[in-house]
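A structural walkthrough
Take a look at the letters that make up each chain.
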Amino acid sequence: MTGHRGAQAIEQPNLKQKAARFFGQWGVFFRGFVEHPRMVGSIIPSSRFTIEKMLAPVDWANCKLFVEYGPGVGTFCQPVLDRLPRDGALIVIDTNPLYIDYLKQHYRDSRFHAVLGSAADVEDIVAAHGHEHADYVLSGLPFSTLPEGVGPAIADATYRVIRPGGAFLVYQFSAKARSYMARNFERIDNGFEALNVPPCQLFWGWKEPKT
Ligand SMILES: C[S@@+](CC[C@H](N)C(=O)[O-])C[C@H]1O[C@@H](n2cnc3c(N)ncnc32)[C@H](O)[C@@H]1O
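Here goes a summary of the coordinates provided. (Residues numbered from 1 in each chain as written. Predicted model: local features only at pLDDT ≥ 70, side-chain atom pairs only at ≥ 80, totals over all residues. Heavy atoms only, no water.)

Observations regarding the overall build of the chain
Across its full length, the chain carries nine helices and seven strands. A buried classification covers 45% of the 211 residues belonging to the chain. The long-range share in the chain, meaning contacts at least 24 apart out of those at least 6 apart in sequence, stands at 67%. Element-wise, carbon and sulfur atoms account for 55% of the exposed surface of the chain, whose accessible area totals about 11100 Å². (Helix = DSSP H or I, 4+ residues; strand = E, 2+ residues; numbered from the N terminus. Buried < 20%, exposed > 50% of the residue type's maximum accessible area, 1.4 Å probe, protein only. Contact = heavy atoms within 4.5 Å. Areas by Shrake-Rupley, 256 points an atom, 1.4 Å probe, with all protein chains shown as cover.)

Focus: the nonpolar core
With 34 residues, the main nonpolar core has Phe66, Leu90, Leu103, Phe112 and Leu169 as its most contacted residues. With five residues, helix α6 (residues 97-106) is the largest single contributor of residues to this core. The contacts of Phe66, once residues within four sequence positions are left out, are Leu55, Val58, Trp60, Val80, Leu84, Ala89, Leu90, Ile91, Tyr136, Leu138 and Leu169. Among the nonpolar cores identified, the runner-up in size contains 30 residues, and Ala89, Ile125, Ala157 and Phe203 belong to it. (Core = buried A, V, L, I, M, F, W, Y, C linked by side-chain atoms within 4.5 Å.)

Points about the pairing of strand β3 (residues 112-116)
As judged from the five bridges shared by strand β2 (residues 89-94) and β3, these two strands associate in the parallel manner. Bridging from a neighbouring strand, Ile93 pairs with Val115 of β3. One crossover worth recording links β2 to the parallel β3 by way of α6, and it is right-handed. (Pairing = 2+ DSSP bridges. Right-handed = clockwise from strand over helix to strand, strands pointing away.)

Some details on the sheet that holds β2
Read from one edge of the open sheet, seven strands run β3-β2-β1-β4-β5-β7-β6, paired in mixed fashion. In this open sheet, the two strands that pair with only one neighbour each are β3 and β6 (187-193). The sheet shows a mean angle of 15 degrees between the axes of neighbouring strands, direction not considered. The pairing of strand β1 (residues 65-69) with strand β4 (residues 134-139) spans four bridges and is classified as parallel. The partner of Val67 across the bridge, within β4, is Val137. Of the strands in this sheet, β1, β4, β5 (162-172), β6 and β7 (200-206) are in contact with helix α4 (residues 48-55), which crosses β7 at around 20 degrees. (Axes fitted to C-alpha atoms, helices over the stretch in contact; angles between N-to-C directions.)

Overview of the side chain of Glu68
Tracing the chain through its elements places Glu68 in strand β1. Discounting residues that sit within four places of it in the chain, Glu68 has contacts with Phe76, Cys77, Leu90, Ile91, Val92, Ile93, Leu138 and Tyr171.

Regarding the pattern of salt bridges
Following the criterion strictly, the structure yields eight salt bridges and no others. For Arg160, the salt bridge is made with Glu123, and the minimal N-O distance between the two is 2.9 Å. One end of the pair, Arg160, is in helix α8 (residues 150-161); the other, Glu123, is in helix α7 (residues 122-128), with 37 residues separating them in the sequence. Here Asp189 and Arg187 are joined by a salt bridge, their closest N and O atoms 3.0 Å apart. On the basis of relative accessibility, which here comes to 29%, the residue Asp189 falls in the partly exposed class. (Salt bridge = Lys/Arg side-chain N within 4 Å of Asp/Glu carboxyl O.)

Structure, rendered in structure tokens:
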């Protein structure tokens, strides 16, 4: 019993350590925002309510490759890894080296791959990791403040890289991304999460399965 409690004391971080980790992560995110406000687009990471709602429709049993654009400091990474099958993979792509370095230091899971690059190059990145398609792609990109033409190019490349039956999951403060998704995705489901700072819109763009 004593031994068991002792082991728990080693594994469980205390309140001070938890606080240091939280503010450390928040501090890295905030620094990224200060340095590149238009590319980061938000001052506070997504809430757990947004994460739960966004990931709810994913068919995890049939997910071998999950891709995330704009992971920042990894708000979605652990929740995705917790749901992903043992033989699945998570590729996260971000243009900010500060975030990619942080993620590489904090995630040791062999299914996790952090790539410094642009979401516009998702097809090359997926192929370089030995996959033909992604099952799901999640985006936290600030579509409304990205440079001209980048948003539509990313949405088009995403449609091409997703397998039939898969989906593009997007959370955003404006509906800009939806208009880019509508160019290709056959069905778009809409949602809203008020318990987020600021409240955000959620979209699930579905690529029709082959008949
Ligand atoms: C709003 S933050 C996302 C925060 C995080 N996913 C969350 O839920 O808290 C947007 C992120 O998109 C990244 N980003 C911006 N343009 C990008 C692009 N073309 N390709 C990949 N990442 C990009 C930024 O560096 C930033 O990390």
